[in-house]
Amino acid sequence: MVEIIRAENYEELGQIAGEQILRQVEEKRDSVLGLATGGTPRGIYRYLAEKKPDLSRVRTVNLDEYLGLSGGDPRSYHYYMKEYVWEPLEIGRENRLIPDGLCQDAEEECRRYEEQIRALGGIDLQLLGLGENGHIGFNEPGPAFVCDTHKVCLSPETRAANSRFFGSPEEVPRYALTMGIRTIMRARRILLVVSGGKKAKALQAIMGGGVTPQIPVTILLLHPRVTVAADAAALGGKF
Ligand code: PGA
């Protein structure tokens, strides 16, 4: 069942999604939160930082990381998390889980990551952004869904979309590690946040289409508990 919540704009989207996360943590103080990076969640993290909730028992697990970037590189997701989430929200070091972008053996790192998530008892709430091409995490469109955390070759569209955080598309790493579709689908609850007209087409796919690996977000139609929070531009006049 997909529940859709409409926000007027980006700011309101941050408040609405932020409130969903706060409610989750009120219900379960030691929640395992699956977190996303990128432009869309920034408003959520800003909202949470203003509210100053007690997240001392929360464990955070990241969706993905670029391969080849160190945690000290300002373009890495590790750095993003430190800057916008872990430090402002005072998440303890022992409660921060993210794939290692500098790992020597990607396959081993993916296996280790899956085990770590399992050891935490799974994810209570997974926050997801949406790619213009319909990706979730870095699960790119393709002939089949990939189940577990894996190494992925980023699509030209994703590298172009993310070039705004780098100098140019060529500077965006070619590879990343991402939670797989099954890893995401095992989360007990999913919160998909979508902002802007560029995402309207991808969002449309889960509001009346079928499930296809060519538009990875459509897998969420099979999840029992999904909330989509989207702003007016992304909804494109719907709702
Ligand atoms: P964005 O990225 O929030 O920066 O638009 C979303 C995504 O690619 O998953």
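Since this is a predicted model, take the numbers as computed values, not measurements. All residue numbers here refer to positions counted from 1 along the written sequence of the relevant chain. For this predicted model, a pLDDT threshold of at least 70 governs which residues receive local features, and a threshold of 80 or more governs which side-chain atom pairs are given and counted, while totals over whole chains, interfaces and linings are taken from all residues. Derived side-chain values reflect all non-hydrogen atoms in the structure, with water molecules and hydrogen atoms excluded from consideration.

Asker: Which parts of the structure should I look at to understand the sheet that holds strand β4 (residues 64-66)?
Answerer: The pairing of strands in a sheet comes from backbone hydrogen bonds and takes either a parallel or an antiparallel form. Taking strand neighbours across the sheet as the criterion, the three strands line up as β4-β8-β7 in an open arrangement whose pairing is antiparallel. Strand pairing shows two members of the sheet lacking a second neighbour, β4 and β7 (150-153), which therefore form its edges. Geometrically, the sheet is characterised by an average inter-axis angle of 25 degrees between neighbouring strands, direction not taken into account. Note that β7 and strand β8 (residues 175-178) share four bridges and pair antiparallel. In the sheet register, H150 faces β8, and the bridge partner there is T178. Here, any two strands with at least 2 DSSP bridges between them count as paired. Secondary structure is summarised from DSSP: a helix means a run of H or I of at least four residues, a strand means a run of E of at least two, and numbering begins at the N terminus for each. Only C-alpha atoms enter the line fits that serve as axes; for helices the fit covers just the stretch in contact. Angles between N-to-C directions range over 0 to 180 degrees.

Asker: I tried to follow the pattern of salt bridges on my own but got confused; where do I start?
Answerer: Proximity of charged atoms lets side chains of opposite charge pair with each other. Each salt bridge in this description consists of a side-chain nitrogen of Lys or Arg and a carboxyl oxygen of Asp or Glu lying within 4 Å of one another. Throughout the structure, instances matching the rule amount to 11 salt bridges. Of the charged contacts in the structure, one is a salt bridge between R182 and D148, with a shortest N-O distance of 3.0 Å. You can see R182 sitting in helix α6 (residues 181-185) and its partner D148 sitting in the loop between β6 (125-128) and β7, a full 34 residues away along the chain. The buried label goes to any residue with under 20% of its type's maximum accessible area, the exposed label to any with over 50%, and the partly exposed label to all in between, with areas taken from a 1.4 Å probe on protein chains only. Judged by its relative accessible area of 37%, R182 falls in the partly exposed class. Taken together, the shared-partner salt bridges connect K28, D124 and R188 into one network.

Asker: Is there a simple way to think about the state of the cysteines in this case?
Answerer: Formally, a disulfide is one covalent bond, and it connects the sulfur atom of one cysteine to the sulfur atom of another. Here, a disulfide means two cysteine sulfur atoms that sit within 2.5 Å of each other. Here the structure, examined in full by the defined rule, presents zero disulfides. Left unpaired, C110 is separated from the closest cysteine sulfur, that of C103, by 7.0 Å. You can call C110 buried: its relative accessible area is 5%. Looking at the unpaired C147, the closest cysteine sulfur is the one in C110, lying at 13 Å.

Asker: Before we go on, may I ask you to explain the site of the ligand in this structure?
Answerer: Any residue with a non-hydrogen atom lying within 4 Å of a molecule or strand is treated as near it. Near the ligand the following residues occur: G38, G39, T40, G129, L130, G131, H135, R164 and K199. Here R164 contributes a side-chain N or O atom positioned 2.7 Å from an oxygen atom of the ligand. One nitrogen or oxygen atom from the side chain of K199 is found 2.7 Å from an oxygen atom belonging to the ligand. All accessible areas in this document rest on Shrake-Rupley with a 1.4 Å probe, and a residue is counted as covered only by the protein chains that are shown. Compared with its free state, where it exposes 280 Å², the ligand has 86% of that area covered by protein. Cavity and pocket criteria rest on a 1 Å grid covering protein atoms alone: a 1.4 Å probe that fits but cannot get out defines a cavity, protein on both sides within 12 Å along at least 5 of 7 lines defines an open pocket, and an atom within 4 Å of a point defines a lining residue. Any molecule with more than half of its atoms within 2 Å of a cavity's or pocket's grid points is regarded as sitting in that cavity or pocket. More than half of the atoms belonging to the ligand lie within 2 Å of the grid points that define the largest pocket. The residue inventory of the shell around the ligand, partitioned by class, reads one nonpolar, six polar and two charged. Throughout this description, a polar contact denotes any pair of N or O atoms lying within 3.5 Å of each other; where both atoms belong to protein, one of them has to be capable of donating a hydrogen while the other can accept it, and for residues adjacent in sequence the pair is counted only when both atoms sit in side chains. All amino acids are sorted into three groups, where Ala, Val, Leu, Ile, Met, Phe, Trp, Tyr, Cys and Pro are nonpolar, Asp, Glu, Lys and Arg are charged, and the leftover types, Gly among them, are polar.

Asker: Sorry, what's going on with the packing of aromatic side chains here?
Answerer: Pairing of aromatic rings covers Phe, Tyr and Trp, the last counted by its six-membered ring, and requires centre-to-centre distances within 6.5 Å; plane angles under 30 degrees mean stacked, over 60 mean edge-to-face, and any other angle means tilted. Scanning all chains against the criterion turns up six aromatic pairs. Relative to F166, the ring of Y66 lies with its centre 5.5 Å away and its plane at 90 degrees, an arrangement referred to as edge-to-face. Of this pair, Y66 sits in strand β4 while F166 sits in the loop between α5 (156-161) and β8, and the two are 100 residues apart along the sequence. Residues Y66 and F166 agree in their burial class; the two are buried. On the numbers, 4.9 Å between centres and 75 degrees between planes, the contact of Y80 with Y84 is edge-to-face. Of this pair, Y80 and Y84 are both found in helix α3 (residues 77-86), four residues apart, which corresponds to roughly one turn of the helix. Feature note: the residues Y66, Y77, F138 and F166 constitute an aromatic cluster, connected by ring pairs. When the NZ atom of lysine or the CZ atom of arginine is within 6 Å of a ring's centre and also within 35 degrees of its normal, the charge is said to sit over that ring. Positioned above the aromatic ring of Y84, the side-chain terminus of R42 is 3.7 Å from the ring centre. Its end group placed over the ring of Y175, K151 keeps NZ or CZ at 4.6 Å from the ring centre.

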